[in-house]
Amino acid sequence: LLRSSARLVASRPSALPPSTIDVSRLKDANIAEPSQAVVRSVQFHPSTPLLLTAGLDKKIRIFQVDGTRNTKVQSVHLDDLPIHTAQFSPDGSRVVAAGRRPFLYVYDLPAARVSKIS
């Protein structure tokens, strides 16, 4: 790891360009339905303004992120899987969720269908 990233670690730090950075506080992305437990995964959709959250409350939640309303688009509860990791597929049409179980779930967004993979 260090050998391949040595040039990044060894390079001297550079200063930010002399300009103004504007920062403004927006609504939380999951304001429409906050998680009831630890959130373990957060990921933006590869091509649309959607945000995925998933965690130990066994729910996958998808929000339309616009900075003002951040509405919930979909959510699904997986009865037997506290979610440790969840991720959009490369094309964004599915969510794969896994935990500390010998199986995982695939959630097909367009069809709103959940499949258990053992």
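To start, this report covers the structure provided alongside it. (Residues numbered from 1 in each chain as written. Predicted model: local features only at pLDDT ≥ 70, side-chain atom pairs only at ≥ 80, totals over all residues. Heavy atoms only, no water.)

A separate point is the pairing of strand S8 (residues 113-117). When strand S7 (residues 104-108) meets S8, the two strands line up antiparallel, connected through five bridges. Paired with tyrosine 107 across the two strands is valine 114, which belongs to S8. Where S7 folds back onto S8 in an antiparallel hairpin, the turn is made up of four residues, including alanine 112, whose phi is positive at roughly 50°. (Pairing = 2+ DSSP bridges. Helix = DSSP H or I, 4+ residues; strand = E, 2+ residues; numbered from the N terminus.)

Attention now goes to the pattern of salt bridges. Going through the model one piece at a time under the given rule, you end up with seven salt bridges. Residue aspartate 57 is joined to arginine 61 by a salt bridge in which the shortest nitrogen-to-oxygen separation is 2.9 Å. Across the pair, arginine 61 and aspartate 57 agree in class, each one buried. (Salt bridge = Lys/Arg side-chain N within 4 Å of Asp/Glu carboxyl O. Buried < 20%, exposed > 50% of the residue type's maximum accessible area, 1.4 Å probe, protein only.)

In this section: the sheet that holds strand S6 (residues 94-98). Ordered in space as S5-S6-S7-S8, the four strands form an open sheet in which the pairing is antiparallel. If you trace the sheet from one side to the other, it starts and ends with strand S5 (85-88) and S8, each paired once. Going from strand to strand, the sheet's axes swing by 20° on average, the running direction of each strand aside. (Axes fitted to C-alpha atoms, helices over the stretch in contact; angles between N-to-C directions.)

As summarised here, the arrangement of the four strands in space is S1-S2-S3-S4, forming an open sheet in which the pairing is antiparallel. The outermost strands of the open sheet, each flanked by one partner alone, are strand S1 (39-44) and strand S4 (72-77). Averaged over neighbouring strand pairs, the angle between their axes works out to 15° when direction is ignored. In this structure, S1 lies alongside strand S2 (residues 50-55), joined through five bridges in antiparallel fashion. Counterpart to valine 42 in the pairing with S2 is threonine 53.

On to the side chain of threonine 53, then. The residue threonine 53 is located in strand S2 in this model. Residue contacts for threonine 53: discarding those within four places in its chain leaves Val39, Ser41, Val42, Lys59, Ile60, Arg61 and Phe63. (Contact = heavy atoms within 4.5 Å.)

The next subject is the packing of aromatic side chains. Counted under the stated rule, the structure contains one aromatic pair. Where phenylalanine 103 meets tyrosine 105, the ring centres are 5.8 Å apart and the plane angle is 85°; that geometry is what we call edge-to-face. The class for tyrosine 105 is buried, based on a relative accessible area of 10%. (Phe/Tyr/Trp six-rings, centres within 6.5 Å; stacked < 30°, edge-to-face > 60°.)

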